[in-house]
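# Commentary on secondary and tertiary structure
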Amino acid sequence: MELDASELVPFKKPKRLTSLVWNDFERVKRPEGMFAICKHCKKKLSGSSTSGTSHLRNHLKRCMKRTNHDIQQMIVVKEKKKGGNGNLGDAGFNQDSSALVKFEEERSQYGSKFDQERSRYDLARMIILHEYPLAIVEHIGFKRFVENLQPSFQSMSCDRVKDDCMQIYSQEKQKLLETLDKVPGRISLRVDSWNSLQDHGYFCLTAHYIDENWTLQKKVLNFVNVDPYTEYGLTDSIMTCLRDWDIDRKLFSVTRDTNCTGDTVVSTIGDRLWRSGLLKRSDQLFHVQCVKHVINLIVQDLLESIYDVTHKIRESVRYVKSSESLQRKFNELAQQLQVSDQKSLCLDCPINWNSTYLMLEAAVECRDVFSHFAEYDFGSISESEWDRVTVVTSCLKLLVEETNVISGVKFSTANRYFPEMVLIHLKLTELCKSSDFAPSMKNKFDGYWSICVQALAIAVILDPRFKMKIVEYYYPQIYDAESDEHIRDVSNSIKGLYDDYMNVICPALSPLNQGFGHDVQGSDLTNGTPSTVHNGTRDRLSGFDKFLDETTSSQHLKSELDKYLEEPVFPRNVDFDILNWWKVNSPKYPVLSMMARDVLGIPMSTEVALDSAFNTGGRVLDSYRSSLSPDILQALVCTHDWFRTELEGWS
């Protein structure tokens, strides 16, 4: 029921009303009780002190005629006073009543204000976060939307929003600099190549590390134009980036894709850091090649070996699928030949090799149907060609499965790759015995294996589910009679790396500095002469002490690595979290856990989406990003990566 405000007699408040809602209501008294009249829509609600103010706040939220929409902020402040979880961003209000009263007074005096600078900042973040074009601020539709939403917002030029994005990039870069400086372990880098539509070369430098909470982190550091794209220019650019981020002193490894850098680039970077005293390890783990790129190289060789017959199969499938009558005739023939479980014929997308595999796999199952198909006139496929395609398809099947496994986890620690690469190694070795086209692929893989085998093996040994046992299981299958020698090489490599950590990273914990060789009373046991004890007499049993020390020193010197390897392997299960295991066991293995933090953080492969993992083409910038200047392009790419947690939080 609506009440005519003219009939009401204003009620003089006996005391000051402290609630914010009374700024939007007039309190009046009638014989039947106290009422609150909305100043905007004149609606009458209960104004009794026993009714509280919640119903008044709820009305203000729904009031269509209310022009001032800051009641939500007032409610949040009130909730903070009561100890709620309201958030005012940068308002910085205390939860005491004095702060609330001050806010009420300021609001009453000035009212709510539109913040142009804050809105500009939010707009720039939106553009970075969702990769919108900078020119969106000049689009008519965007301007009309903003004017209707907030007429007070001042329109911006493309240059202005570019400056805002650069400012945000600078601020976020400083935060990341401070974060990288506090990283407890070493940092590994990944170098990826990109091209633009103008055929300009770029490289993307990404840092991988495990933070203090034992969480694997990835941060894009640079997206740099290198033109002309030479090894010398690339080396200098990478070194400049390392010094700019002040991480040359913390560098542990460099992972390259085969399209981006040659061995010379990584070796030169390692030599420069070694001469500067910034690289403390041997180079057995410093140089790593990307797993996915090696797989793609092998795939390209496989498909090249059957290029002609693949073309015949593709055209045959295209012909069969060109009409419903042909497909029906093909299926009837398949039933007659009892090929009832065949996969559906499909055409491939040649740049995505997994689709080519699916096309070949389905065609191989229907090889007899194609041979008897009367309408087939694209050139016959011989039995030897079908046999060749069958062998290639079986190999492609393994590579598809391995790529799916590798790409199935967003961020993967280095321990996951050894079993997968061993399976590829064994498959190619088997293929070489029966196929004339396999040696070329095997040579490419052997080049990768010789560079990365130690990193792969050490990483999997640091997985408590496998340790040395998995190396001892697979190496006889790979190396036959020479397996013992290769197992010793791996054992010596991981022990040498552990000694580096003991002597260089943790010298205070090194056995050489623990005082072994001296008794607790300070007697000299390094020679055979009797020593003097504290009471001034000669110790006639000092020779026994020396004998005891020599025969039991091996027990004192047993390293964390020895203890770790001697313990039984941890049970395998699908829910195992290797980083959490090392986090829990770091007090037990303080030095070995530091080594595990660095090794497990090595990026063995580039990070690409699963639908892009099978693409044989390189990474190419789209037309919009290709048109940007190098400085703003780097700012947008890097800051977008740094903001990705915001997108993940909304997904």
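Just so it is clear, the structure is predicted and the values come from calculations on it, not from any experiment. (Residues numbered from 1 in each chain as written. Predicted model: local features only at pLDDT ≥ 70, side-chain atom pairs only at ≥ 80, totals over all residues. Heavy atoms only, no water.)

### Some words on a nonpolar patch on the surface
The following threshold applies: Patch criteria: residues need more than 30% relative accessible area and no salt bridge. Like-charged residues are merged within 9 Å; nonpolar side chains of Val, Leu, Ile, Met, Phe, Trp and Tyr are merged within 5 Å. For every accessible area listed, the method is Shrake-Rupley and the probe measures 1.4 Å; residues are considered covered only by the protein chains on display. A carboxyl oxygen of Asp or Glu within 4 Å of a side-chain nitrogen of Lys or Arg is what we treat as a salt bridge. Partly exposed residues are those whose accessible area sits between 20% and 50% of the maximum for their type, while under 20% is buried and over 50% is exposed, using a 1.4 Å probe and protein chains only.
A cluster of nonpolar side chains, namely Leu-541, Phe-544, Phe-547 and Leu-548, defines an oily patch on the protein surface of about 420 Å² accessible area. A relative accessible area of 47% means that Phe-544 is categorised as partly exposed.

### Thoughts on the sheet that holds strand E8 (residues 251-256)
How we decide: Paired strands, as defined in this entry, are two strands with at least two bridges between them according to DSSP. What counts as a helix is a DSSP run of H or I of at least four residues, what counts as a strand is a run of E of at least two, and both are numbered from the N terminus. Axis definition: a line fit to C-alpha positions, over the contact stretch in the case of helices; interaxial angles, taken between N-to-C directions, run 0 to 180 degrees. Any pair of residues with heavy atoms lying within 4.5 Å of one another is described as a contacting pair.
In spatial order, the strands read E7-E6-E5-E8-E9; together these five strands make up an open sheet with mixed pairing. Each edge of the sheet is formed by a strand with only one pairing partner; in this case those strands are strand E7 (216-225) and strand E9 (287-289). The mean inter-strand angle of the sheet, taken between neighbouring strand axes irrespective of direction, is 25°. Against the sheet, helix H7 (residues 231-245) contacts strand E5 (187-195), strand E6 (201-210), E7 and E8, and its axis sits at roughly 40° relative to E6.

### Some remarks on helix H17 (residues 467-479)
Here is the rule we go by: In a helix, the anticipated span is given by 1.5 Å times the number of residues less one.
The end-to-end C-alpha separation of H17 is 19 Å, in line with the 18 Å expected for 13 residues at 1.5 Å each. Trailing H17 by a residue or two, Asp-480 shows a phi angle of about 55°, which is positive.

### Describing the environment of Arg-272
As for its placement among the helices and strands, Arg-272 is situated in helix H8 (residues 263-275). Take Arg-272: its relative accessible area is 24%, and that puts it in the partly exposed class. Along the sequence, Arg-272 and Met-239 sit 33 residues apart, while their C-alpha atoms lie 9.0 Å from each other. Residue contacts for Arg-272: discarding those within four places in its chain leaves Thr-235, Asp-236 and Met-239.

### Here we look at the packing of helix H9 (residues 291-305) against helix H16 (residues 438-461)
So the rule is basically this: Working rule for angles: under 35 degrees goes down as roughly parallel, over 145 as roughly antiparallel, 65 to 115 as roughly perpendicular, anything else as oblique. Note that Gly is not counted as nonpolar here; it falls among the polar residues with everything else outside the nonpolar set of Ala, Val, Leu, Ile, Met, Phe, Trp, Tyr, Cys and Pro and the charged set of Asp, Glu, Lys and Arg.
H16 packs onto H9 with a crossing angle of 170° between their chain directions and a minimal axis gap of 9 Å. With respect to their mutual orientation, H9 and H16 come out roughly antiparallel. Counted together, Val-291, Val-294, Leu-297, Ile-298, Asp-301 and Leu-302 of H9 and Ser-440, Met-441, Lys-444, Phe-445 and Tyr-448 of H16 form the full contact between these two elements. The class makeup of the residues in the contact of H9 with H16 is eight nonpolar, one polar and two charged.

### Examining the confidence of the model for the protein chain
Applicable threshold: Every residue carries a pLDDT, the predictor's confidence in it, which falls somewhere between 0 and 100.
For the protein chain, mean pLDDT is 81; residues scoring 70 or higher make up 77% of the total. Mean pLDDT values over the elements of the protein chain span from 47, in helix H3 (residues 97-110), up to 97, in helix H21 (residues 578-585). Confidence drops under pLDDT 50 across residues 5-13; counting only partners more than four residues distant or on other chains, this segment forms twelve contacts. Note on residues 106-111: pLDDT under 50 across the span, and seven contacts to partners over four residues away in sequence or across chains.

### With respect to the pattern of salt bridges
In this structure the tally under the stated criterion is 23 salt bridges. Taken together, the shared-partner salt bridges connect Arg-120, Arg-160 and Asp-164 into one network.

### Focus: the environment of Ile-269
Among the structural elements, Ile-269 can be located in helix H8. For Ile-269 and Val-254, which are 15 residues apart along the polypeptide, the C-alpha to C-alpha distance reads 9.2 Å. Once residues within four sequence positions are removed from consideration, Ile-269 is found in contact with Thr-235, Ile-238, Met-239, Leu-242 and Phe-286.

### Points about the side chain of Lys-427
The condition is simple: For this count, His and the chain ends are skipped, Lys and Arg are scored as positive, and Asp and Glu as negative.
Relative to the assigned elements, Lys-427 resides in helix H15 (residues 418-432). Of the side chains with opposite charge, Glu-430 lies nearest to the buried Lys-427, which makes no salt bridge, at 4.7 Å. Sequence-distant contacts of Lys-427, that is, excluding residues within four places in its chain, are made with Ser-394, Cys-395 and Leu-398.

### Remarks on a negative patch on the surface
As a reminder, the rule being used: We put the charge of a Lys on NZ, of an Arg on CZ, of an Asp on CG and of a Glu on CD.
On the surface, a cluster of negative charge is made up of Asp-480, Glu-482, Glu-485 and Asp-489. On the secondary structure map, Glu-485 appears in helix H18 (residues 483-505). Of the residues examined, Glu-485 reaches a relative accessible area of 47% and is grouped as partly exposed.

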